[in-house]
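Examining the three-dimensional arrangement
Each chain is listed here by its residues.
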Amino acid sequence: MRLNNGKKGNEYMVTLIPDEMTVKQKLLSLGIYEGAKITIKQFLPGKGPLIIIAGTGEVAISHEVAHLIEVE
Amino acid sequence: MENMKKVLLTGNPNVGKSTLFSQLTGISTITSNYPGTTVTYTKGKMTAIKRSQGCTGVCDGNCGLEGLKHDHRRHRRGQAQCDAKGELLHFEVIDVPGTYRLDPVAQSERIASLMVETGDIIVNVLDCTNLERNLFLTLQLLQYDKPLIIALNMWDEAKHKGIHIDIKALSDYLGVPVIATNGLSGEGTYALVNEIANAKQPLPRTFHKNFWKEIGYIINSVQNLSHRHHTLSERIQDISIHPFFGPVTAVISLFLVFRTVLFLGELLVGLMEKLFVSVYSPLIYKLSDVLSEYQFLHAVLIGDISGAGISYETAMGALTTGVFMTMGVVLPYIFVFYLILGLLEDIGYLPRIAIIFDKLMHRVGIHGYSIIPMFLALGCNVPGVMAIRNLESRRERFITAVILCTTIPCIAQSAVMLHAAGAHGTIYIFVILAALISVWLILGGILGYFVKGEKTALIMEIPPYRKPSAKVQVKRMGMRITGFLKEAVPFVIIGIVVVNIAIYTGIMDKVATFTSPVISRILGLPKEAISSFLIGIVRKDAAVVLLESLQLTPWQMVTAITSLILYFPCLATFIILFKELKLKDTLKAVLIMSATTLIVGFIMNILPETQVTPYIFVFASIIFAIIVSGFLQKLKKVELVK
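Residues numbered from 1 in each chain as written. Chains lettered and ligands numbered in written order. Predicted model: local features only at pLDDT ≥ 70, side-chain atom pairs only at ≥ 80, totals over all residues. Heavy atoms only, no water.

1. Some details on the overall build of chain A
Just so we agree on the cut-off: Helix and strand labels come from DSSP, where a helix needs a run of H or I of at least four residues and a strand needs a run of E of at least two; each type is numbered from the N terminus. Each radius of gyration is computed over the set of C-alpha atoms, and the globule rule expresses the reference value as 2.2 Å times the number of residues to the power 0.38. By the convention used here, residues are in contact when the closest approach between their heavy atoms is within 4.5 Å. Asp and Glu count as negative and Lys and Arg as positive, but His and the ends of the chain are not part of the count. Think of each charge as sitting on NZ of Lys, CZ of Arg, CG of Asp or CD of Glu.
For chain A, the helix and strand inventory stands at 2 helices and 5 strands. Listing every helix and strand of chain A by position from the N terminus yields β-α-β-β-β-α-β. In terms of overall dimensions, chain A is globule-like: its C-alpha atoms have a radius of gyration of 11 Å, near the 11 Å expected for 72 residues. Based on the C-alpha atoms only, the size of chain A along its principal axes is roughly 30 × 25 × 20 Å. In chain A, 56% of the contacts between residues at least 6 apart in sequence involve partners at least 24 apart. For chain A, the separation between the mean place of its 8 positive charges and that of its 8 negative charges on side chains is 8 Å.

Structure follows, in structure tokens:
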């Protein structure tokens, strides 16, 4: 499943962040990596950014980025 | 002081690095640009005692060194001459821009990596409430094989949040000293200073190739989370990113900030005016007497001060209007703006505003963060343009700067504009607003499509809300104000001198005759309006006042005011723009601004002036702009895949 199709409040495990993604390294340094457990905290309306809890911190990522991240 | 060792303060953004930096260094800090970039960093000096016999470098007041002429209080600060046995060392402390990782390739992380290379001792500041993410950078820093000390900052907050970290275990695991610190209270600073003075090479350790696996092991063995309830600050945090209450809170807080700035700014400008009249005016009169024989100098430096009292707004001399405009008007606004911006920055509200407005700003092809400069510009364009420095890429800086300078009127302009247009009926105010909003959307959309560079996607940490530190606030305010005084004021005054020379020597008249067909044919205004546009280069509010004497029809009036707002920022803004964008981009910006003015002015000019024109214009322009910008936005996708 893609991250942007997830449900608010659910915890997911990141299974794939494509290597071709230009922002992969940035996601990685913020604690969103393959194998990481992340929780969707909030969706902002109109395909706005998603708020993710990774580790003990919060990260906002845009809808387009979330669409490329595979989770389960 | 020769051979000072360089201590580099590194860490993620929002870990309290600057607060810790203020604790370590005194007041004399310098901010500089990293060569060839707009990245700024701060450096300062620190003194510490290297432990030899007796003196430990740390003192809790019971160190038993009294016999060695040891001064507990000064020693505790880690910066005084301690006469106990020990060696006094001087360090240069550099506050490296916050980064999540070191990457010699990626633009924004490159500078941090380059700076780390040059350091002698690295202090890695970690936010203990977010240890996992912070350790990623730590593992990268350990690859450099330089003396490294870890400062576990926000120690109190972590305790509060039920996060327990085994300091000794962490230190043993990584092979480097670990100190718990609290930048706000200064706790742990002495211990940190002591470690810096006695820094050693880290013990050799090998780590797993996959840093996140390694961090997983570390976290498992050193961190312990205990259950606790939601704190009040977390509840407020949740509200500020709520799908409904988030935007509502953002709009209300921006509005409140704007009102506060306006109120305090006006108050300060009023005080400055009084100060100018009572202290500065006598000096100007004296100088005017001295210069009375030199007409040219008088015109350039002092301008027209005939009449009762000096009218600083209209005298147009470099020493009258020039000094007043920068010191009397812009400076008070800048001061108030920075005061509030600094607070919002330190509390941690700015990233949330950026997230809330991200969708809107994507319409014009940039990040939500650009809302900050745009918003600041509503008060005064100068701090607005200064704030573009914090934007991520050259592309974002350029787009933001251009749409800001073109479409956002500063408060002085807004006031006169509202007055002059509103005199013909409230709808005319809406006409101007509609024109500006449409230009904002369409021009932004066009720039978003055409300006080269990657259209980046939002990935941003949301820091928890934090108490701001007064010390950091004062220090940063000092740096920002000196920056403005040094980087802006002299150039604005020089600019006015140049404009005045052009007027005095008649060059300006030639320009006027040359450009007046543009004014009359394209914009449909009387030829005399050109003088207003030329004055507008220095002061736009004065320009609108001049327009009022021309007896224009209401529609001509709104066309003229709209064009005045669009065509060129005031001189002060222009000079800052030039400093931020450099020559080539500034020229491009000027071309874009002129073209926009001519197109918008022309469209408004050819519309027939009837009773319903303003109403139709307001609706049609906004709807048109929304459609066009939506279309343009779809044309350029965010490039996420190579």
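2. Thoughts on the pattern of salt bridges
Residue and element names in this part refer to chain B. The following threshold applies: The salt bridge definition used is simple: a Lys or Arg side-chain nitrogen within 4 Å of an Asp or Glu carboxyl oxygen. The rule is simple: take the accessible area with a 1.4 Å probe, protein chains only, and divide by the maximum for that residue type; under 20% is buried, over 50% is exposed, in between is partly exposed.
Scanning the model with the defined rule gives 18 salt bridges over all chains in all. The salt bridge partner of Lys 588 is Asp 585, with a shortest N-O separation of 3.6 Å. You can see Lys 588 and its partner Asp 585 sitting in helix α26 (residues 571–606), 3 residues apart, about one turn around the helix. Residue class for Lys 588 comes out partly exposed when judged on its relative accessible area of 39%. It is possible to trace a salt-bridge network through shared partners that takes in Asp 127, Glu 157, Lys 161 and Arg 466.

3. Description of the side chain of Thr 10 of chain B
All names here are of chain B. Within the fold, Thr 10 resides in strand β1 (residues 5–11). A relative accessible area of 5% means that Thr 10 is categorised as buried. Not counting the four nearest positions on each side in its chain, Thr 10 is found in contact with Lys 17, Val 96, Val 116, Ile 122, Val 123, Asn 124, Val 125 and Leu 141.

4. Brief notes about the sheet that holds strand β3 (residues 50–54) of chain A
For clarity, the threshold we go by: When DSSP finds at least two bridges between two strands, those strands are taken to pair.
Spatially, β5(A)-β1(A)-β2(A)-β3(A)-β4(A)-β10(B) is the arrangement adopted by the 6 strands of the open sheet, whose pairing is antiparallel. Either end of the sheet is taken by a strand with one partner, and the two such strands are β5 (70–71) of chain A together with β10 (459–462) of chain B. Note that strand β4 (residues 57–61) of chain A and β10 of chain B share 4 bridges and pair antiparallel. Directly across from Ile 61 of chain A, in β10 of chain B, lies its bridge partner Ile 459 of chain B.

5. Remarks on the domain arrangement of chain B
Residues and elements named next belong to chain B. The test is simple: Throughout the structure description, domain borders are defined by an automatic or database domain assignment. Simply put, the buried area is the total loss of 1.4 Å probe accessible area from both parts when two parts are fitted together. Polar contact criterion, stated in full: a pair of N or O atoms within 3.5 Å, where within protein one must be able to donate a hydrogen and the other to accept it, and residues adjacent in sequence count only if both atoms are side-chain atoms.
Splitting chain B by domain gives domain 1 (5–225) and domain 2 (245–624). Its C-alpha centre places domain 1 at a distance of 42 Å from the equivalent point of domain 2. Across the contact, 25 residues belong to domain 1 and 13 residues belong to domain 2. Where domain 1 abuts domain 2, roughly 1400 Å² becomes buried across the two surfaces, and 49% of that area is made up of carbon and sulfur atoms. For the pair domain 1 and domain 2, the interface holds 3 salt bridges. Here Glu 157 and Arg 466 are joined by a salt bridge, their closest N and O atoms 2.9 Å apart. Linking domain 1 with domain 2 are 8 residue pairs in polar contact (both at pLDDT 80 or more), by the criterion used here.

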